[in-house]
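# Structural characterization, general
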Amino acid sequence: MENERVIREPGIDPRWTSVIGMSKGAEFTLAWASHDRRANEVIALSPTLYAWESVREDGTPPARSSWTYAGRPLPFLRFDADAEFYETLDKTLLQKFHGRAVAAAPDGSPARLPVEDITAKTLLISQESDTLWPASSMGAQIAHAMDQAGKGAQVEHIIAPGRGHAMFAAGVPANGVDASPRVNGLAQTEIWSHLRRFLQL
């Protein structure tokens, strides 16, 4: 994870750091905040409770972690994508593979992010039906773990209407992969209002 480099970027105030990520970016954001207390505010759009393998172009081994921390790869979940996925790289096919991997993950899986260690003020946003991984159920688990940890971190999990995984700012066209453009457009407007409220914009 490049958190050290990010914090040192010109224009970044190291005394107060807000991190926002969507999908794979949400995975990074939650991994960072789970391991580094210098994140003060965290927004994870379509969150995940686990670190995942880095997507391979052809499915040939070895599978690798998407992230490292302190020079070491984070443990990760593998997904059993089939030949059709690797032939097309159609991300909409990943829902069933991610879902199976989450269902099969044992309690105490080393790939589970230690989200109970997050001390940042946290906003999690998922949609009712996610098209890539079970973001709503994982978001609920993250919020529950943070609440139960009792470390004083404020956490809010919002489930927005619609069927989708990709989230954008209000006014940005829907991607045409998830729900209808109208449904996604309404969802993006609601999501953007929550972001503005959380960040006090």
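Reading the values: rules and limits
Residues numbered from 1 in each chain as written. Predicted model: local features only at pLDDT ≥ 70, side-chain atom pairs only at ≥ 80, totals over all residues. Heavy atoms only, no water. Helix = DSSP H or I, 4+ residues; strand = E, 2+ residues; numbered from the N terminus. Buried < 20%, exposed > 50% of the residue type's maximum accessible area, 1.4 Å probe, protein only. Contact = heavy atoms within 4.5 Å. Phe/Tyr/Trp six-rings, centres within 6.5 Å; stacked < 30°, edge-to-face > 60°. Lys NZ or Arg CZ within 6 Å of the ring centre and 35° of its normal. pLDDT = per-residue confidence, 0-100. Salt bridge = Lys/Arg side-chain N within 4 Å of Asp/Glu carboxyl O. Polar contact = N/O pair within 3.5 Å; in protein donor to acceptor, adjacent residues only side chain to side chain.

### Overview of the overall build of the chain
Helix and strand counts for the chain come out as six helices and six strands. Counting from the amino terminus, helix and strand elements in the chain follow one another as α-β-α-β-β-β-α-α-β-α-β-α. Per-residue burial for the chain yields a buried fraction of 46% across its 201 residues. Summarising the internal contacts of the chain: among those between residues at least 6 apart in sequence, 68% fall at separations of at least 24.

### As for the packing of aromatic side chains
According to the stated counting rule, one finds six aromatic pairs in the structure shown. Relative to Trp67, the ring of Phe28 lies with its centre 5.4 Å away and its plane at 50°, an arrangement referred to as tilted. Here Trp67 lies in the loop between strand S2 (41-45) and strand S3 (68-69) and Phe28 lies in helix H2 (residues 24-35), a separation of 39 residues in the sequence. A relative accessible area of 16% places Trp67 in the buried class. With centroids separated by 6.4 Å and ring planes inclined at 45°, the aromatic side chains of Trp52 and Phe79 adopt a geometry described as tilted. Here Trp52 is found in the loop between S2 and S3, whereas its partner Phe79 is found in the loop between strand S4 (72-73) and helix H3 (83-88), with 27 residues between them in sequence. For the pair Trp52 and Phe79, a shared accessibility class is recorded, and that class is buried. A connected cluster of aromatic rings, assembled from ring pairs, spans Tyr50, Trp52, Phe79 and Trp133. Over the face of the ring belonging to Phe198 we find Lys121, whose NZ or CZ atom lies 5.0 Å from the ring centre.

### What about the confidence of the model for the chain?
Looking at the chain as a whole, its pLDDT mean stands at 85, while 87% of the residues score no less than 70. Ranking the elements of the chain by mean pLDDT puts helix H1 (residues 3-7) last, at 62, and helix H5 (residues 135-149) first, at 96.

### Observations concerning the pattern of salt bridges
One pass over the structure, following the stated rule, counts seven salt bridges. One salt bridge in this structure joins Arg38 and Asp36, with 2.8 Å as the shortest N-O distance. One salt bridge connects Arg100 with Asp80, and the closest N-O pair in it is separated by 3.1 Å. Placement of Arg100 in helix H4 (residues 94-104) and of Asp80 in the loop between S4 and H3 is noted, with a sequence separation of 20 residues between them. Under the relative-accessibility criterion, Arg100 is labelled partly exposed at 43%.

### So, the environment of Tyr86
Within the secondary structure, Tyr86 is located in helix H3. The contacts of Tyr86, once residues within four sequence positions are left out, are Glu53, Arg56, Glu57, Asp58, Gly59, Phe79 and Ala81.

### Section: the environment of Ser34
Its location among the elements puts Ser34 in helix H2. C-alpha separation for the pair Ser34 and Ile118, spaced 84 residues apart in sequence, amounts to 4.9 Å. The residues contacting Ser34, other than those within four sequence positions of it, are Leu113, Pro114, Val115, Asp117 and Ile118. For Ser34, the side chain forms a polar contact with the main-chain oxygen of Leu30, separated by 2.7 Å.

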